[in-house]
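Geometric and topological summary
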Amino acid sequence: MTPTTEARETREFKTELKQLLHLITHSLYSNREIFLRELISNASDAINKIKFDSLSHEELLENNKDWKIKLIPNSDAKTLTISDNGLGMSRETVIQELGTIARSGTKAFLESLKQKQADGQPELIGQFGVGFYSAFMVADKVTVVTRPAGTSKEGVRWESDGQGEFTVESIEKDARGTDVILHLKDDATEFLDRHTLRSLVRKFSDFVEHSIVMDETTKAEDGTETTSEESLNSRKAIWLRNRNEVTADEYNAFYRQISDDTQDPARVIHVAAEGSQEFKALMFIPARKPYSYRWEEPKPGLKLYIQRVLIMDPCEAVLPPYLRFVRGVVDSSDLPLNVSREILQSNPILDGLQKNLTRNVLQGLEALRNLEYDKYVTFYNDLGGMLKEGIARDWNNKEKLADLLLFQSVKTPAGSYLTFKQYVEAMPENQSEIYYLVGDSREVLERSPYLESFKARGFDVLLLTDPVIDEYFLPNLPEYKGKKLKPVDRGDVHADGDQTVTDEEKSRFAAMLQRFQTLLPEVKEVRLTKRMTESAACLVADPSAMPAHLERLMQQMGQGDGTLSKRILELNPNHPAVLALVERWERATDDPRIEIYARLLYDQAVIAEGSKPKDPAGLAQRINELLARDARN
Ligand SMILES: Nc1ncnc2c1ncn2[C@@H]1O[C@H](COP(=O)(O)OP(=O)(O)OP(=O)(O)O)[C@@H](O)[C@H]1O
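This section reports on the structure supplied with the text. (Residues numbered from 1 in each chain as written. Predicted model: local features only at pLDDT ≥ 70, side-chain atom pairs only at ≥ 80, totals over all residues. Heavy atoms only, no water.)

**Topic: the overall build of the protein**
For the protein, the count of helices and strands is 20 helices and 22 strands. With the C-alpha coordinates of the protein rotated into their principal frame, the extents come out at 120 × 55 × 45 Å. Within the span of the protein, comprising 633 residues, buried residues form 52% of the whole. Pairs at least 24 residues apart make up 72% of the contacts formed inside the protein by residues separated by at least 6 positions. When the accessible surface of the protein is split by element, carbon and sulfur atoms take 48% of a total near 30100 Å². Considering the protein, the positive charge centre built from 83 side chains and the negative charge centre built from 101 side chains are found 3 Å apart. (Helix = DSSP H or I, 4+ residues; strand = E, 2+ residues; numbered from the N terminus. Buried < 20%, exposed > 50% of the residue type's maximum accessible area, 1.4 Å probe, protein only. Contact = heavy atoms within 4.5 Å. Areas by Shrake-Rupley, 256 points an atom, 1.4 Å probe, with all protein chains shown as cover. Lys, Arg positive; Asp, Glu negative; His and termini not counted. Charge placed at Lys NZ, Arg CZ, Asp CG, Glu CD.)

**Considering the pattern of salt bridges**
Here the structure, examined in full by the defined rule, presents 42 salt bridges. Of the charged contacts in the structure, one is a salt bridge between Arg-11 and Glu-9, with a shortest N-O distance of 3.2 Å. A residue is classified by how much of its surface remains accessible, and Arg-11, at 35% relative accessible area, is partly exposed. As a salt-bridge pair, Glu-12 and Lys-18 come within 2.6 Å of each other at their nearest N and O atoms. Connected through shared salt-bridge partners, Asp-66, Lys-68, Lys-70, Asp-215 and Glu-229 make up one network. (Salt bridge = Lys/Arg side-chain N within 4 Å of Asp/Glu carboxyl O.)

**Structural notes on the nonpolar core**
Ranked by size, the top nonpolar core spans 108 residues in total, and within it Phe-325, Leu-357, Leu-365, Leu-387, Phe-420 and Leu-571 carry the most contacts. Considering each element in turn, this core owes the most residues, nine residues, to helix α19 (residues 593–608). Discounting chain neighbours no more than four positions away, the residues touching Leu-571 are Leu-513, Phe-516, Val-526, Arg-527, Leu-528, Thr-529, Met-532, Ala-536, Ala-537, Val-578 and Leu-601. Judged by nonpolar contacts, the second largest core, of 54 residues, contains Ile-50, Met-89, Leu-197 and Leu-200. (Core = buried A, V, L, I, M, F, W, Y, C linked by side-chain atoms within 4.5 Å.)

**Re unusual backbone geometry**
Of note, the bond from Asp-313 into Pro-314 is cis; its omega dihedral lies within 30 degrees of zero at -5°. By the secondary structure assignment, Pro-314 is in strand β13 (residues 309–315). Backbone geometry at Asn-63 places phi at a positive 55°, although glycine is not the residue there. On the secondary structure map, Asn-63 appears in the loop between α2 (34–56) and β2 (68–74). The phi dihedral of Lys-78 is positive, around 55°, even though this residue is not glycine. With respect to the element layout, Lys-78 can be found in the loop between β2 and β3 (79–84).

**Notes on the sheet that holds strand β15 (residues 408–409)**
Hydrogen bonding along the main chain pairs the strands of a sheet, whether they run parallel or antiparallel. The sheet built from five strands is open, its strands ordered β15-β17-β16-β19-β18 with mixed pairing. Edge positions in the sheet fall to β15 and β18 (479–480), since each of these pairs with one other strand and no more. Here β15 pairs with strand β17 (residues 462–464) via two bridges, running antiparallel. Considered in β17, the bridge of Gln-408 is made with Leu-463. (Pairing = 2+ DSSP bridges.)

**Describing the pairing of strand β14 (residues 327–332)**
Buried residues dominate β14, accounting for six of its six residues. Burial along β14 is two-sided: Arg-327, Val-329 and Asp-331 and Gly-328, Val-330 and Ser-332, pointing in opposite directions, are all buried. Strand direction decides the pairing type here: strand β11 (residues 279–285) and β14, joined by six bridges, are antiparallel. Bridge pairing in β14 places Phe-284 opposite Arg-327. Examined bridge by bridge, strand β12 (residues 302–306) and β14 share four bridges and lie parallel to one another. Residue Tyr-305 lies in a different strand from β14, and its bridge partner there is Asp-331.

**Remarks on helix α16 (residues 503–519)**
Here α16 contains 17 residues, and its C-alpha end-to-end distance of 24 Å stays within 8% of the 24 Å for a straight helix at 1.5 Å per residue. In the structure, α16 departs most strongly from a straight axis at Ala-510, where the bend amounts to approximately 50°. If you follow the buried residues of α16, they end up packed against β20 (523–528), β22 (567–571), α18 (576–587) and α19. (Expected span 1.5 Å × (residues − 1). Bend = angle between axes of the 7 residues up to and from the residue.)

**Some words on the packing of α2 against helix α6 (residues 194–205)**
Taken N-terminus to C-terminus, the directions of α2 and α6 make an angle of 65°; their axes are 10 Å apart at the nearest point. One element, α2, and the other, α6, form an angle in the roughly perpendicular class. Crossing handedness for the pair α2 and α6: right-handed. Residue-level contacts link Ile-34, Leu-36, Arg-37 and Ile-40 of α2 to Leu-197, Leu-200, Val-201, Phe-204 and Ser-205 of α6. (Axes fitted to C-alpha atoms, helices over the stretch in contact; angles between N-to-C directions. Parallel < 35°, antiparallel > 145°, perpendicular 65-115°, else oblique. Left-handed = near helix turned anticlockwise from the far one by under 90°.)

**Side note on the sheet that holds strand β21 (residues 537–540)**
Read across the sheet, three strands follow the order β20-β22-β21 without closing on themselves; strand pairing throughout is mixed. The open sheet has two edge strands with one neighbour each: β20 and β21. Sheet twist, expressed as the mean angle between neighbouring strand axes with direction ignored, is 25°. Pairing of β20 with β22, which is carried by five bridges, proceeds in the parallel orientation.

**A few points about the environment of Thr-10**
Examined against the element boundaries, Thr-10 turns out to sit in strand β1 (residues 9–12). Sequence-distant contacts of Thr-10, that is, excluding residues within four places in its chain, are made with Glu-165, Phe-166 and Thr-167.

**A word on the packing of helix α9 (residues 348–371) against helix α10 (residues 373–393)**
Relative orientation of the contacting elements α9 and α10 amounts to 140°, with a least axis distance of 8 Å. Our classification of the angle between α9 and α10 gives oblique. Where α9 crosses over α10, the handedness of that crossing is left-handed. Of α10, the residues touching α9 (which contributes Leu-365, Leu-368, Arg-369 and Leu-371) are Tyr-373, Lys-375, Tyr-376, Phe-379 and Leu-387. Its residues assigned to classes, the contact of α9 with α10 shows seven nonpolar, no polar and two charged. (Nonpolar A, V, L, I, M, F, W, Y, C, P; charged D, E, K, R; others polar.)

Quick look at the structure:
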């Protein structure tokens, strides 16, 4: 390597990168061994990239197809080099890629560290990884010598001590690819130890598909030394092997390698499809929401290989977006190797693949629910919302997805769940519909007046407590196996066989209700109901209006004009308070207290619905008036 004409220049890191480097070098020391995993992964990516590019430009190979990543520990110089014969980088690429933060997740991660005082949580970095820059956890200087694939020998040398600046200069480099040279810190010389390096590769990078090697020198009895390359990883394309030959430990280790997750997966789905579609797939369902989701929404899709060549990572077309919690690999034998990226956006073979893989994932979830229910519940609590999203988006699998949902209900003890199937099986003979109520929490819903008549008749009601997603998916699921889904807070929904209001009651209350209507312009109608057994009043939605929760949600999101649609105020003619009121009305229709009582009934119905009364001070005043009067008696 000799310097060429282009001068050495010094540049500053971008501000956010300086912050990250400061954090790496000053506070985040636990788990620092992950630097090796990150650098090997970059080297492996670079090899995959040139393998792919060379499919259309064979000259890029320069007759060098012996793909490998080499570790070179040098005890005299106290350096560890990670060398690859991948795509390499040009001067512009180096400045761009190693001077700014490339990964969007890293930026978000940095933000969250700043907010949370990273010093208290040094383990975070090990869980997340910060790519190339993790080198500065073990090195006080990093030199990158790289040369892009092609015929020119012109390469570039990048160097930095991670303090704020880096230098770049042009050099000549014979072999294509990248050498990352770590000048190890005094307290990091353990990474020169061959045994340590061997075991770290086995721990973190065993399934990397390219050979990771290290020179091994042996001395014969006559003193002659021979050097050979020792292979450090098993390189097993685990998805190509037979299911019964792979151990649970191997699956778990592979999952950790390809995901950002630090826990073992809840379920492994290993498929070898033959016949009209030929592919091998290895997919994983996480045990719970992986840590990294706090900084980055997972990208949908799987790694797409075609005959063992990595073509796209992730390939979104192979799984629908709502299954974005699935991590894995699919290796197709049906697609041509020289497939273009445009074709990979939409192609009938990929559509077929997506259908098949989706079916397998849903079967995997079903098996998890049937065989390891507790694990399923843990998964569901964290990620079940994505299945509900699927109901709204995946028409073909709606029924299967509906069967995977879990619900709390009036009859389930807190923390226990019910499926649609179980709900339907337990329905009394005289119940023909599935009832539900959406709200913010189980506690609020349980006390709701809407439930009273359903409870009284022994009908169960599903309690849905994730309004954002529940109000989104429910309109897309009007029925389950022929049974209609009905929200109990809608005006036209009653427990089958509810008592009806008698003509006598209607005529007795008619004039008072009319007066209420003029006193309460915010309601659409005031009427009697038998839907309640204990409460005096409730508000119900007009069948054509938006549910109360959805309306509140839209208001919070700044949509709508700020006015809520008018509800129907329903009164229970059997309730002592309502009866007392009608008696007062019959004695003196112009009693000024009638208005106060009407407002009180309305406000309590607003609160029961889960909304806030418009005029809390007025409400307090009305209650106090009553208190003052009653306390005197
Ligand atoms: N050995 C290498 N060969 C070629 N390019 C590299 C190499 N190492 C790093 N790079 C380039 O530097 C960029 C930044 O690397 P970094 O590890 O910080 O993030 P990343 O690899 O892009 O992220 P991710 O690990 O999520 O893919 C890479 O995207 C790549 O373009």
